[in-house]
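Listed below, chain by chain, are the residues.
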Amino acid sequence: MIDTTRIQSGFDAELMIGKKWFLTAINTLEANGVLDLPNGISIVDINVIDDPDWDLELITNLGIRVKAKMSISNNKFSFLTDFNNTSFEINMPNLGRLAGTPSLKKVIGDSEYENAMALLFNLDIRASAQDLEPLPPGQHVPRGNPDDAQSFLPTGQHIALGIPREAFFRFGNNIWHTQLRDVDGSHPLPQPGDSKRGDWKRVKVSVTQERIRFTLEGEVPIDLWPDANVYLELDLKPKLVDGKLTFSIDTDLDVDTGFWGDVLAFTIGALVGLLIAFFTGGLILIPSIGLGAVIVLEIVEYAAGEIIERIIVAKDEHGNVIKSFVCDDQLVKLASPKPSEGGFSINVLDAIPSSIPIFVDQNDPLFNRMLIVKAIFDEIKLNGKGLAVAGKIRGRRIVRAYNCQIG
């Protein structure tokens, strides 16, 4: 059973990669003629080993045991073996915009948790406390210690992703320092660039076993009337659907002070669509969604050259698509523009790779051949300690025209 209390490194997210992931990746490369092992050798099993000098043990069909050391180089996993110092590489997952190079740490489990290689990373967010000035662009609040990482990959599972509750607090700080902040450093309500009616005071975050809640608190001064306090809540509720992690977003707005509260509720209600855009990096722009509406966010992956990109699809509570993208004339055409470099995303969505391309052959001018290791999540845990998902993987070979949906 997955345990969020074991997400201990202090990074924004941790990706646990187990032995079956590596075995599937290598077997997929070998079966498709990409990895050519000598003398009829094939890999039949792999272990993540408790050895100070080596990370993996590759067991061959001839009984030969080969040890390998892992590292990260140019966004790839690099493997150096003790078999004539041979080496090979496998692509790393696309984790979205990061605050720096991920750390790779071997973690040793026990009877309940698998040995794994932990990929520990921080996201490109303004994580400074809300009562402090954000750091300049390109600088990030230091966080995370690889030595504190421990395995939370349940026995029998192949891959797991964990996000500690502290990361959600940092996401709240990011909203404060980016989307709610004007160029002069103020936090005008209803939104930067609009006619100021009051001020946002803070962004609060709470995490329970049912939802991740972001509460935007503001205050609007009213002449000859008590000031109006504004509380805009967005609840993210994760759920696994067909092996994918999805999020539904519920919204609620509370504005006190009687009649003026009703007036402000009408005005601020238009912000809900904007706030949905906050959580999708500007991809989902819904001008009139209405308070109390439920939006479901789902990640769809597509091949873009040598990498797999992810885009967010928004659906209503009945499963009807609100915003998406289409594959037209073999090219992806977005129904909404891609986010700018400064655009905000909840980053939970950025951090969840489902398909990891381990090889891309682009010799054909029209089509590419892509080998992927795809995760099928079947276990989820959300509580006051954080969010984690785990599942199994499978290798796939796909041939697609450039930039078309993988599915």
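Definitions and limits used
- Residues numbered from 1 in each chain as written.
- Predicted model: local features only at pLDDT ≥ 70, side-chain atom pairs only at ≥ 80, totals over all residues.
- Heavy atoms only, no water.
- Pairing = 2+ DSSP bridges.
- Helix = DSSP H or I, 4+ residues; strand = E, 2+ residues; numbered from the N terminus.
- Axes fitted to C-alpha atoms, helices over the stretch in contact; angles between N-to-C directions.
- Contact = heavy atoms within 4.5 Å.
- Polar contact = N/O pair within 3.5 Å; in protein donor to acceptor, adjacent residues only side chain to side chain.
- Expected span 1.5 Å × (residues − 1).
- Buried < 20%, exposed > 50% of the residue type's maximum accessible area, 1.4 Å probe, protein only.

(A) Geometry of the sheet that holds strand E3 (residues 56–60). Spatially, E2-E3-E4-E5-E6 is the arrangement adopted by the 5 strands of the open sheet, whose pairing is antiparallel. Each edge of the open sheet carries a strand with a single partner, namely strand E2 (43–48) and strand E6 (87–91). Averaged over all adjacent pairs, the angle separating strand axes in this sheet is 30 degrees, with direction ignored. Inspection of the sheet shows strand E5 (residues 76–81) paired to E6 by 5 bridges, in the antiparallel sense. Bridged to Phe77 within E6 is Ile90. Set on the sheet, helix H1 (residues 19–31) makes contact with E2, E3, strand E4 (65–73), E5 and E6; between it and E2 the angle comes to about 150 degrees.

(B) Quick look at the pairing of E5. Inspection of the sheet shows E4 paired to E5 by 6 bridges, in the antiparallel sense. Note that in E5 the partner of Ser73 across the bridge is Lys76. The turn joining E4 and E5, which pair antiparallel and follow one another in sequence, is formed by 2 residues; a positive phi near 55 degrees is taken by Asn74. In sequence, E5 turns back onto E6 through a hairpin of 5 residues, with Asn84 there showing a positive phi of about 55 degrees.

(C) How the structure looks around the side chain of Asp235. If you trace the backbone, Asp235 turns up in strand E13 (residues 225–241). Among the polar contacts made by the side chain of Asp235, one reaches the side chain of Arg213 at a distance of 2.7 Å. If sequence neighbours within four positions are ignored, Asp235 has contacts with Arg211, Ile212, Arg213, Ser248, Ile249 and Asp250.

(D) How the structure looks around helix H2 (residues 165–177). Over its 13 residues, H2 extends 19 Å from the first C-alpha to the last, a length consistent with the 18 Å expected when each residue adds 1.5 Å. Of all 13 residues in H2, 10 are buried; the element is thus mostly enclosed. For H2, the set of buried residues is Ala167, Phe168, Arg170, Phe171, Gly172, Asn173, Asn174, Ile175, Trp176 and His177.

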